[in-house]
Every structure is written in structure tokens, then in C-alpha cells.
Amino acid sequence: MKKVLQLIFIVIGLTSCKAQEVNGIWISIDDRVIDEHDAYSSGMWGMIIDFNKSEIYSIVSDSTYKFEKRLKEIKIVHETDSIVYPYRVFKKDSIEIEIAKNTITVFKQLNFNYPLESTKSEIVDFLTGNCVRKFGDSIEVKFTKDYHPLDKNKELRIIETIWNNSRPLVGNWSIGEINKNFFMFISIEDTTEENIYQITSISGNTIRLKPIKENYYELTELKTCL
């Protein structure tokens, strides 16, 4: 009887460990400050954790870091040091991890069900042009090919935004690609939160979008300039 109970506990333990294993590719979608009275960092959006290749990187940057995959934590090894980041899994669809000091970054798993034949430059050409598009009822935006002056990687481009007939404001946008799936990042003003969409199809004069993180706009498609 005792041996049977021990075997049951072993099986339960192995099942629990297996349930905690995390695979796939995850993208950061949100930040949450732990203690607002202490210093904190934000703006971790677009960070990718690839548990299949044991890599962490930004979708709009060339910098990639390898890590050791452990149970409930990842270990990034530098040339002279290493850092261990514990993480927690919630309902199998989100991960929380303190990457920046005093800031919890939330990750969501990506799916790659929408591979496209288009290239990044073709999508950029599709979106840019001398026309204004509307987000919601009161926001007008214009995508440009001009790179954002604060981005040294030449990935963020400028988007011009008008709120309720205000003067034009500067925001940023970019296109990222993973496994022939394309993702669009938009901050309609540099000081506002980012929005993340997966491009599901391009047909005729329309790009169709699936929101991954969206604040207000209920944006499902963008059409070419007419």
C-alpha cells in the first residue's frame, strides 16, 4: 500500500511539472508597476520570448539573448555574469515576469496561423501614402516612411495624429515579422500606450487585422489610399 501511495505522489509530481512547462513564442503586451513609490521602467512592448529556441529579443531590434530554460524561470547568461528571471503562468495563456526593476511585464502567446506571401517593405508601401485614415470617430492618422528620430535601429517610423482637430502630433509605428507572420505596432502619440495587431490577410485594397493588444479603436482593417 505504501509503495502504491508513493507511486501516486510521484506521478502527480511529474504531471505537475509537465503542466508547468512552457513552449511556443510569447510577446509582451503590458507593464504593471509593483510599487509606484519606487523607481520603475516601462515600455517593454514588443519583447519576444521564444521558448522553442531559448531566445529573448525585441521584435523591432537585432539584439538577441540566449537563455537556459528552467522550471518556472529563465536564466540569461552574459559574458561575465548571469541573471535568473522567475516567471508565473496564468490560465496557460499569459506569463508574468519582472524583467525591468519594479515592473511586471505580461506576455501573451502568439499563434502563427496567418503566414503571408507579402514582404515587410510591401506592407510599408501599402500603409504609407498621402492620405489620412480614421481610428474611431475623432482620431485621424497618417502613416509615413520617415524613421522616428529617437530610434537608432531604423525600425520605428513616424505616424502623424490629429485628435479632434488638434495640431498634428507625432507617434510611431512599425512592422515586425516572425515565421512569415506579420505584426503591426502603433502608438498614435509617443506618450500613449502602444497597440499591437497581427496582420491576418492582405487582399485587394485591404489589410485585415487581429488585435493582440488594443486600447480604444476596435481596428479590424486598413484600406489603401484612394
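The following refers to the structure shown.

## Remarks on the overall build of the protein
For the protein, the helix and strand inventory stands at two helices and 16 strands. Buried positions account for 41% of the 226 residues belonging to the protein. Total accessible area on the protein is roughly 13,500 Å²; 51% of this is exposed by carbon and sulfur atoms.

## Observations concerning the pairing of strand 1 (residues 25–33)
Alignment of strand 1 against strand 2 (residues 47–50), held across three bridges, turns out to be antiparallel. Within the sheet, the bridge partner assigned to Trp-26 lies in strand 2 and is Ile-49. Here strand 1 pairs with strand 8 (residues 103–109) via seven bridges, running antiparallel. Counted as the bridge partner of Trp-26 is Gln-109 from strand 8.

## Re the nonpolar core
In this structure, Leu-127, Phe-135, Phe-143, Ile-175, Met-184 and Ile-186 are the most contacted members of the largest nonpolar core, which totals 23 residues. Looking at this core, the elements with two or more residues in it are helix 2 (120–127), strand 10 (139–147), strand 12 (169–178), strand 13 (181–187), strand 14 (195–203) and strand 15 (206–213). Looking at this core, the element that brings in the most residues is helix 2, giving four residues. Beyond its immediate sequence surroundings of up to four residues, Met-184 is in contact with Leu-127, Phe-143, Ser-174, Ile-175, Asn-195, Ile-196, Tyr-197, Leu-209 and Leu-222. Core analysis: the next-biggest nonpolar cluster, separate from the first, contains 15 residues, Val-22, Phe-51, Phe-67 and Ile-76 among them.

## Brief notes about the pattern of salt bridges
Tallied over the full model, the rule gives seven salt bridges. Between Arg-32 and Glu-96 there is a salt bridge, with the nearest N and O atoms lying 2.9 Å from each other. Within this pair, whereas Arg-32 is found in strand 1, its partner Glu-96 is found in strand 7 (residues 94–97), the two being separated by 64 residues in sequence. Looking at Arg-32, the relative accessible area reads 37%, which means it is partly exposed. We classify Glu-96 as buried; its relative accessible area is 14%. Among the ionic pairs, Glu-194 bridges to Lys-213, the shortest N-O distance being 2.7 Å.

## A closer look at the pairing of strand 7
On strand 7, burial covers both faces: Ser-94 and Glu-96 on one face and Ile-95 and Ile-97 on the other are all buried. Where strand 6 (residues 82–90) and strand 7 come together, four bridges link them in antiparallel fashion. Residue pairing in the sheet places Phe-90 in a bridge with Ser-94 of strand 7. Where strand 6 folds back on strand 7, the antiparallel hairpin that results is connected by three residues, among which Lys-91 adopts a positive phi of roughly 55°. As defined by bridge partners, strand 7 adjoins strand 8 across four bridges and the pair is classed as antiparallel. Along strand 8, the bridge assignment pairs Ser-94 with Lys-108. Between strand 7 and the antiparallel strand that follows it, strand 8, lie five residues; Asn-102 among them carries a positive phi value of about 65°.

Conventions and cut-offs
- Residues numbered from 1 in each chain as written.
- Predicted model: local features only at pLDDT ≥ 70, side-chain atom pairs only at ≥ 80, totals over all residues.
- Heavy atoms only, no water.
- Helix = DSSP H or I, 4+ residues; strand = E, 2+ residues; numbered from the N terminus.
- Buried < 20%, exposed > 50% of the residue type's maximum accessible area, 1.4 Å probe, protein only.
- Areas by Shrake-Rupley, 256 points an atom, 1.4 Å probe, with all protein chains shown as cover.
- Pairing = 2+ DSSP bridges.
- Core = buried A, V, L, I, M, F, W, Y, C linked by side-chain atoms within 4.5 Å.
- Contact = heavy atoms within 4.5 Å.
- Salt bridge = Lys/Arg side-chain N within 4 Å of Asp/Glu carboxyl O.

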